[in-house]
Amino acid sequence: MFGLGRSEKEDRWENFEKEAFPHVPDLFRIAIWLVRDRAEAEDLLQETLSQALKSFHRYEQGTNIRAWMTKIMYHVNGKRLRKLGRLRLVEDKEELIAETIAFEPSIDQHLTDKEILTAIKQVPEKFREIVLLADVEEFSYKEIAEMMRVPIGTVMSRLHRGRKLFRLELASIARQYGIFPAERREAEQR
Amino acid sequence: MTCREFSDIIDSYLSGELLVETNHSVIRHLEQCRDCREILAVRRAIRERLSSAVRNTEESIIDSSFAARLRSDLRSKAVGPRFGPFAWQLFLTGAACVIMITLGSVLLLSDYGPMLTGVSVNLPEPAMTNPVTPDTMTKIVPAVLEEAAEDAIDDHFKCALFHDLPERPISLEAASITVDPVNEGFDKVVSEAIVAHLGKSAKVIAAHHCLINGRHFAHVVLLVNEKLVSILLTKVGDVGQQNDAALCTKKNEVAAACFGSNGYGIFVVSETEGESVNVAKWIGPAIRSHVSKRRSNV
């Protein structure tokens, strides 16, 4: 009649705490790359965890809770963007750029973390977020498709383009610093 | 499989997203093709570098005080405020007591006071509860304690805040048999000492033994005014003279206060320097006595 008793509530909280909290640092990292602002990322994480706590009874024990909470985060962020009128629906220009990259640059490995971060930040958001979810957070294509509510084929094609754009940016940064002797040699030979 | 076909699926291969048969074809191709092996190694290296750069950049790391606040807010939402069904009655009774005491004090201090009591009243100065003085913050801490304090902070984050330890903690009782007898009853000692100073605003929410960075810790997690505080004890070897509690180190916006006792280091990790040092001072005597008793029992 009055809802859950205190001990039941405490049990539920303890379960949630045990399952969800180990993933909070990862979720924060996903949030900050999603919104690119610390305060906004903290708000997004807080809202995500509140929603996850409310819906915890729907979480299937033994499945990937990190993917489940990331899906909630994308849902919460989508709502937030719609409210702010910042939801981008069409990105023809980015699609076009990605489609037209035919050449595959060679990549040197003598890059610093800072240069790698600069390169990934240059990749358009739509492709970058999928590359980060797959290659940093190691979610499966299926999990990403569910989070982003897009077909798995879209995930795969965006990933393919996103990774290619990232490699292109890496090559471009490395070239600025002149650390691609091999590539320079190839160009000279041509 | 041709090199061209391999180049189309190289990333899916690295992500483990290929069907078993395709995976076998890839492996067969790689066995014969040195160029593709090199391309694969570079792709793998790029991915690892990206992952490590994103994970280690400061902007991607959650602020520990925010994490603690978040946990505490969510806990309040989940479990509800910390009062029971008779809270209103208790509140009204308390309020009535406060009003009576205030009125009584006003009368005693007023011109009517001596008439009522027949004696003059000298109120004592309000007592300070172990204030943090600059002295406590600048004490020199033995190097072994400073070193162990880093691990204590890691334990606070990975165990108390994020429940993300590489190895599952074991009970203090089990650790007292398998690791060190000093674990036995450590939680009771901490609990009694802290409750003696803070009453019901502090409570023990977890107590166990954890292993982190190869170091064994007896770990008691307290909730003090809705904030997490870790009390950790570990063997550090010779700490020189018995030193007083002092600020040991600060990292990721938490502060560790520490003191040594009979070859053990005791650490208090919380969000503020003052809180860590004060708690360390409050529990110090009880823990020193516990350590010396348990050691003498060995």
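Reading the values: the criteria
- Residues numbered from 1 in each chain as written.
- Chains lettered and ligands numbered in written order.
- Predicted model: local features only at pLDDT ≥ 70, side-chain atom pairs only at ≥ 80, totals over all residues.
- Heavy atoms only, no water.
- Helix = DSSP H or I, 4+ residues; strand = E, 2+ residues; numbered from the N terminus.
- Contact = heavy atoms within 4.5 Å.
- Areas by Shrake-Rupley, 256 points an atom, 1.4 Å probe, with all protein chains shown as cover.
- Buried < 20%, exposed > 50% of the residue type's maximum accessible area, 1.4 Å probe, protein only.
- 1 Å grid on protein atoms, 1.4 Å probe; cavity = no way out; pocket = protein on both sides within 12 Å on 5 of 7 lines; lining within 4 Å.
- Points joined across faces, edges and corners; volume = space filled by probe spheres on them.
- Nonpolar A, V, L, I, M, F, W, Y, C, P; charged D, E, K, R; others polar.
- Domains from an automatic or database assignment.
- Pairing = 2+ DSSP bridges.
- Axes fitted to C-alpha atoms, helices over the stretch in contact; angles between N-to-C directions.
- pLDDT = per-residue confidence, 0-100.
- Phe/Tyr/Trp six-rings, centres within 6.5 Å; stacked < 30°, edge-to-face > 60°.
- Lys NZ or Arg CZ within 6 Å of the ring centre and 35° of its normal.
- Polar contact = N/O pair within 3.5 Å; in protein donor to acceptor, adjacent residues only side chain to side chain.
- Buried area = accessible area lost by both parts, 1.4 Å probe.
- Salt bridge = Lys/Arg side-chain N within 4 Å of Asp/Glu carboxyl O.

(A) Region of the structure containing the overall build of chain A. Within chain A one finds 10 helices and 0 strands. When the elements of chain A are put in sequence order from the N terminus, they spell out α-α-α-α-α-α-α-α-α-α. Partitioning the contacts of chain A with sequence separation of at least 6, the portion at a separation of at least 24 is 71%. Carbon and sulfur atoms form 51% of the exposed surface of chain A, whose accessible area is close to 10300 Å².

(B) Highlighting the overall build of chain B. When its secondary structure is counted, chain B shows 11 helices and 6 strands. Within chain B, the proportion of its 298 residues that are buried is 43%. Intrachain contacts of chain B at a sequence separation of at least 6 include 62% that bridge at least 24 residues. Here chain B displays about 16300 Å² of accessible surface, and carbon together with sulfur accounts for 57% of that area.

(C) Representation of empty space enclosed by the protein in the model. Counted by the stated rule, this structure contains 4 cavities of 30 Å³ or more. If you add up the space inside the largest cavity, you get close to 100 Å³. Taken together, R29, I30, W33, L34, Y74, R128, E129, L132, L133, V136 and E137 of chain A together with V54 of chain B make up the lining of the largest cavity. When contributions to the lining of the largest cavity are tallied by element, the ones reaching two or more residues are α2 (24-35) and α7 (125-136) of chain A. For the lining of the largest cavity, the element with the highest residue contribution is α7 of chain A, accounting for 5 residues. Among the residues forming the lining of the largest cavity, the class breakdown is 8 nonpolar, no polar and 4 charged. Two domains share the lining of the largest cavity, each providing at least three of its residues, namely domain 1 (6-84) and domain 2 (92-189) of chain A. Considering only enclosed or pocket space, the second largest cavity measures out at about 80 Å³ in volume. D135, R163, F166 and R167 of chain A together with D11, R43, I46, R47 and L50 of chain B together form the lining of the second largest cavity. Ranked by the residues each element gives to the lining of the second largest cavity, the list is headed by helix α3 (residues 34-56) of chain B, at 4 residues. Residues belonging to the lining of the second largest cavity are distributed by class as follows: 3 nonpolar, no polar and 6 charged.

(D) Structural detail: the sheet that holds strand β6 (residues 264-270) of chain B. All names here are of chain B. Spatially, the 6 strands line up as an open sheet ordered β1-β2-β3-β6-β5-β4, and their pairing is antiparallel. Both outer strands of the open sheet, β1 (202-212) and β4 (246-251), are each paired with one neighbouring strand and no more. The average undirected angle you get between the axes of adjacent strands in this sheet is 25°. With 10 bridges joining them, β1 and strand β2 (residues 215-224) adopt antiparallel strand pairing. Note on β2: the bridge partner recorded for I212 is R215.

(E) Molecular detail of the confidence of the model for chain A. Residues and elements named next belong to chain A. Taken as a whole, chain A shows an average pLDDT of 79; of its residues, 75% reach a score of 70 or greater. Confidence scores differ between elements of chain A, with helix α5 (residues 92-100) showing the lowest mean pLDDT of 47 and α7 the highest of 93. For the stretch residues 90-94, pLDDT sits under 50, and the model shows 5 contacts to residues farther than four places along the chain or on other chains. Confidence drops under pLDDT 50 across residues 181-185; counting only partners more than four residues distant or on other chains, this segment forms 5 contacts.

(F) Structural detail: the packing of aromatic side chains. Enumeration over the complete set of coordinates arrives at 5 aromatic pairs over all chains. Taking 6.1 Å as the distance between ring centres and 70° as the angle between the ring planes, the aromatic pair formed by W13 of chain A and F21 of chain A counts as edge-to-face. Geometrically, the ring pair formed by F16 of chain A and F56 of chain A is edge-to-face, given 5.3 Å between the ring centres and 85° between the ring planes. Of this pair, F16 of chain A sits in helix α1 (residues 6-20) while F56 of chain A sits in the loop between α3 (38-54) and α4 (65-84); the two residues are 40 residues apart in sequence, bridging distant segments of the chain. Neither residue differs from the other here; F16 of chain A and F56 of chain A are each classed as buried. Pairwise contacts between aromatic rings join W13, F16, F21, F56, Y59 and W68 of chain A into one cluster. Above the face of the F139 of chain A ring, R66 of chain A is positioned so that its terminal group lies 4.4 Å from the ring centre. Of note, R71 of chain B hangs over the ring of F21 of chain A, and the distance from its end group to the ring centre comes to 4.4 Å.

(G) Representation of the pairing of β4 of chain B within the structure. Judged from the 5 bridges that link them, β4 of chain B and strand β5 (residues 254-261) of chain B form a sheet pairing that is antiparallel. Each bridged residue has a counterpart across the sheet, and for K251 of chain B the counterpart in β5 of chain B is V254 of chain B.

(H) Fine view of the side chain of H209 of chain B. Residues and elements named next belong to chain B. If you trace the backbone, H209 turns up in strand β1. On the accessibility criterion, H209 (5% relative accessible area) is buried. Polar side-chain contacts of H209 include one of 3.1 Å to the side chain of H216. Those residues in contact with H209, other than ones at most four positions away along the chain, are P169, I170, S171, L172, A175, V179, N183, H216 and F217.

(I) Geometry of the interface of chain B and chain A. In this assembly, 39 residues from chain B lie in contact with 43 residues from chain A. Roughly 3900 Å² of surface becomes buried between chain B and chain A when both sides are summed, with 59% attributable to carbon and sulfur atoms. Summed over the three residues of chain B that lose the most area to chain A, namely R49, L50 and E59 of chain B, the buried surface amounts to 16% of that side. Taken together, the connections running from chain B to chain A amount to 7 salt bridges. As a salt-bridge pair, R49 of chain B and D113 of chain A come within 3.2 Å of each other at their nearest N and O atoms. There are 14 residue pairs in polar contact (both at pLDDT 80 or more) connecting chain B and chain A. Those elements that provide at least two residues to the side of chain B that touches chain A are α1 (3-14), α3 and α4 (64-79) of chain B. Grouping the constituent residues of the side of chain B that touches chain A by class yields 17 nonpolar, 8 polar and 14 charged.

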